[in-house]
Structure formats: C-alpha cells, structure tokens
Amino acid sequence: FYSNTVSGQLCSALMLLTGGSIQAWPRRINWQSTFTSGHGNWYKGLPRNMLRGTKFTRLQDITHFTEEYMASRRFNIALFTMLATLLLAAPALAQDAKTFAVLPFNYNGPKMYSYFPQAFQASLANDLEWVGHVEPTSKSLSDISTPKSKAEALNALKGLGVDYLITGTITIINKDANLEIEAIGSDGKAWKQKGQMKIDEITPWLDAQSRAIMGDVFNRPGYSTAEKIKSEEDLKRSTALTSSAFIMAQNSGYQTDTLNPQFRYEGGTENIGRWRSQTLRFSSYSMVVADGDGDGQNEIFILQKSAIAAYRFRQGKLEHLATFKMAPNLTNIRLEAVDLDRDGVPELVVGAYQVEPKSGIKAPEGTPKSSILSFNGGKFKYIVKKYNRFLGVLRIPPTYMPILAAQKKGQRDLFDKYISEAYVKGDSIQLGQKIQHPEYGNVYNMTYLAQEMGYNYLIINNKHKIITYSQTFERLNETDESFNSSGIAIFTSDTMVGMGPGVTDERMLTYNIPFRMLTALLSSKTKYEILANKNLSASAQLVESYKYFTQGEIHSMVWDGVGLNLAWKTRRIKGQVSDIALADINNDGKKQLCVLINTFAGIGYGNRKTVVLAYDLQTN
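Residues numbered from 1 in each chain as written. Predicted model: local features only at pLDDT ≥ 70, side-chain atom pairs only at ≥ 80, totals over all residues. Heavy atoms only, no water.

Q: Got a minute to help me understand helix α4 (residues 116-127) in this structure?
A: Three- or four-residue spacings in an α-helix give side chains the same orientation, since the helix completes a turn every 3.6 residues. Over its 12 residues, α4 runs 16 Å from end to end, which matches the ideal 16 Å to within 8%, given 1.5 Å per residue. The element α4 is extensively covered by neighbouring structure, given that 11 of its 12 residues are classed as buried. By the burial criterion, the buried members of α4 are Phe 116, Pro 117, Ala 119, Phe 120, Gln 121, Ala 122, Ser 123, Leu 124, Ala 125, Asn 126 and Asp 127. (Helix = DSSP H or I, 4+ residues; strand = E, 2+ residues; numbered from the N terminus. Expected span 1.5 Å × (residues − 1). Buried < 20%, exposed > 50% of the residue type's maximum accessible area, 1.4 Å probe, protein only.)

Q: Teacher, can you tell me more about the sheet that holds strand β19 (residues 390-396) here?
A: Backbone hydrogen bonds are what pair the strands of a sheet, in a parallel or an antiparallel way. Within the open sheet, the 4 strands sit side by side as β19-β20-β21-β22. Their pairing is antiparallel. The sheet terminates laterally at β19 and β22 (428-435), the two strands that pair on one side only. Strand-to-strand twist across the sheet, computed as the mean angle between neighbouring axes with direction ignored, equals 45°. Direction of pairing for strand β21 (residues 419-425) relative to β22: antiparallel, over a ladder of 6 bridges. Paired with Tyr 423 across the bridge in β22 is Gln 430. (Pairing = 2+ DSSP bridges. Axes fitted to C-alpha atoms, helices over the stretch in contact; angles between N-to-C directions.)

Q: How do you make sense of the sheet that holds strand β26 (residues 475-478) when you look at a structure like this?
A: Sheet architecture is open: 4 strands sit in the order β23-β24-β25-β26, paired in antiparallel fashion. Every other strand in the sheet has two partners, leaving β23 (446-451) and β26 as the edge strands with one partner each. Averaged over all neighbouring strand pairs, the angle between strand axes comes to 25°, with direction disregarded. In terms of strand pairing, β23 meets strand β24 (residues 454-460) through 6 bridges, oriented antiparallel. Bridge assignment links Gln 451 to a residue of β24, and that residue is Gly 454.

Structure, rendered in structure tokens:
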C-alpha cells in the first residue's frame, strides 16, 4: 500500500492486527511493457498514474470494508489505541527514502510524436524507482513547467521538496531523434547526457540512461557508468573471437591446423559456459523456471506425462523439492508460469489432454483437461482442476504482458478456430474477449514477434515449419527447416462434421504439439530475436507421425523483412530438445538459456531420461 495515504496506513494496521487475513495487493507492480503506439516498440513501462489509479480503487474497497468492520461491536477500545499508534508511526517509516520528480521533456518535432514528453516522464518515473531508497514523489506535477535553466530547475526542485529532479529535451527531425537528459540533486550537482539516434533506438538509449542515473546520481551499487565500462571490457576480453571460420572449443587444446584443416571441431571435451544437470530418471514434456513460492529464489518445474516436479539449483545440482501426481490417463502438454492474481507470485498453468480409448475405434476420443496450480509454501495445490479447454499463455501486443488464453477442442481439427482471453474466478475459469489470430493458430503454436512498426505473428504449422504473418494476417514467409517438435503426439479421428468416430474410420490424424518459441533482445538492443530448436533426425524425415528427434540446435533468428535469418546457434545438442527458457536458473542474478532434454534410447519413452542444460549469456 502507498504509505502516504491514510487508508493505506489504516489497512496496513489491520493487516498486522488480523494476522494478514485481508487480501493485500503489492505496493508496486513492476510490469515491463512495450507499447507500439504511434511508432515502434520504443516505450517501456505502464504509466504510473494508471497503476496508482488501480491502487486507489483497491484501497477504497478495503477502506469501505474497514469502516463497516470498525463500526461493529467486536472492536474495543484497545484496538483503536493500537490503530492510532500504528497510524502515527507509519509516516515516520516512509520518510527514510529520498524522492525524485521527472518533469515532461521539452519537445520540438512533428505533431505525431507530441506524446513523447509524457511517455518519457512515465517511463523514467517507473524505471528510476529504487524501492526503499529513492522513490518518485507523490506530489502533482501537472502545474510545474519545464525549467529552461539550471537555476529554474533548482527552484522547481526546492518547490517540490524533492531530492532529485530529472528533465530534458526531445528534438525529432524525420526519423532521427536528438535527446538530452539531465538530473539535478538538491546539493546543486548536475548530471547530463546527450544522444543522437533513430526513433526506434530511443527505448534502449533511455534504458541505458536510467541505469546511469541510478548509479551515478542515486549511487545504487552495480549501476554506475564506471562499473558498466569495466564489465564491458571484461566481457570483450573473455569473449574475444578467433579469426578462424571454424567452430572451435575453447581451451580444448586443439587448433584448426592440428590434424586436418577439413575437420570441424564441435566442442572437444570441455563445456565452457555450459552447465549440465544430473540425469533425472523420467522422461519430461515441458519446463518453466520461476519463483513459485515467492521466497525470492527461482525453482525449476518439470512437467512429466502425468506429474509435475519441483527442483532448485543447489551446489551445482538440481535438488528435488516436491512431486505432484496427476490423473494417470492425462497427457500433459504444456507448462506455463504466470502471475494470474497479480500478487507477485506466479501460478502454474498445465495444459493437458485426457484420452478416452474406445474398443473397435481406430482413433481414441479425448477431451482437454487443463489445470492451474500454486506452489505456496513449497507444496503443490490445485486452484482450477481439469478445465475442459486447452489453457496456455500468450504475450499479446501492445503490452506483451502474459495473458491466460483458452481454446476448446475443435470438431474436425484438434483445436477450435477461436481463442479467448481467460480469467480465474474462484476455482473456475471465466472467458473474456476473442483473440484475433491467423488461420490454424492455437494457444501452443503461436507467438508475437515485435517489430519497429508493430509486430508479426509466428505460427508453427503441422509440419513444424515456422510461418510468418503480418498484423493483417498476410502470409509472409515459411521456413525450410522444421522446429520445436516436443515429441508429444495426440491422435484424433478424421471424421466429417456431425459424424462421431466409429469402426468405419479410415484415417487417423496425428498432431505433434510444438513447444514454446521465445522472443528476446539478446545480440541487439533494438531488434528482437526468435529462439527455436531446429529438429535434427533422419528417422523423422521417413515416418510422418514420428516426431522424436535425436538431436537439435537452438537457433536465434531475426526477421529481415523477407524471412527469418540465422543470427547465432548453439552447438549440436544430443537428445530430444523438449523445451527452452530464458531464466535465472542458478539464482545468480543473470539469465541463462535453459534447455530441457530427453536422452535418446531408441523408439519409445520407456528408457528416456531427463537432463537440463544451461548456457551462460554474455549480455549487458
């Protein structure tokens, strides 16, 4: 709750007195968003006034409850005395943090970008917040004009009673932007930075300046410019590339001219920059890395055919925490982690399919049976059980926030043609508006790739080729290679609409569920990459329904306006790649590329085991 509001203080007091029985929303929701309004994906951070509006509404609701509760006869004089004590103490607790104000930037440019000053103001106010140390002022800034000199800035700073004031200038000429940002402290010290860039490069530049202000002005450890320069120099030294065109293993002791110049070295005996888990004695279907119990440390959740297991990275190995058994006739399809109730702790969404075999029928019948679980206190618990639709998570533009999506089973195809937003209400699911998508898109084969001007749809078709569509559903490209086969196959009967399955069925359809594609800014600060696994197997090329691949390579691809071009790839991975994630698996504060693998032991899942790989990412 916001500590400078009476209702917030009152509710905080009630939380203490009632043992936390009032459901509290977090003080700050740190939503990282990317808007494509107007031009490209340049704006990160939801407007702070929007977030505060949400908080104010919630506080009103709780305040009404508080007034009714206080009016009841169960409150006694001692309770009022304790409340008064806490209310008097709360303002003192909020005075330790310093405050800052971000004023709208001076703007010179075309009218179509005239919203930039307010957008910069909201984005910086969100990015610069250092909870408990330096926080945005709660005072209104609507009547404060942008200062034209340092003297005016100092007067505005004193008038607002803040410790730091941030302002600047934006000049737009055609597609070029000239930016200036300045931070002034109450001690009169000033920090200034200028930059010239394309419009679509504004977001990373603004992010870099936010970090610099945090370190150079707010003195936040690990954020200063000097530390960043040292880190970049260390990175260059550690990742210096050889001039050879061959792929070489670092520190392997081999050189390109050691044996034969025609040999291509794929890694030798060393695994520099890659971690491998111990072998887990089960086959796996999907994986997420998330802080499921809210203790600040990530867990690794691995989905099995009819179970889900939780692990934590400890002393170089995966430490088992818990395993949750599910119905044995379920085939789990996809595992997702998403904060559905916005309490800061993600829930686990399990997409599943229940097979109902019938005697004399070639293809079995089946029904989606998805579930949502929590991992509070280190124990799995159902929130929603066996919901009769496929559940997944989509990151929909323009905010790209994860949204729960639902799709029912189709009549002839496995998936219905409609996808809907979904919300948890109690122990059930409530459907929202329809989600627009290209033909044959479903909750498991579709993702959005952000572009300079909007976004593209990426869909993995039945042959596991990636098809790119424009925002208007125009088909743009299809890859030559196949990607992201998980090895999970669902068999359905190909029957006419209105006709049920029977002994006369002539054709059985096999749908191989693809695992997730990821989009991220990795090699470039301005261009999003798509991460997918290239399927490698001779057997799968000969047998249409056989989608278990013995090897794979994680490819990073970028959209160049014509097709998906390879940016980089991992060395060849032995075994069936079943899922990937970008997450901090070892809780060191840095994200790794995490890969879930089933070892190859011939046809059939019986002898396959699970291994998790993690690749260090040298990114800033």
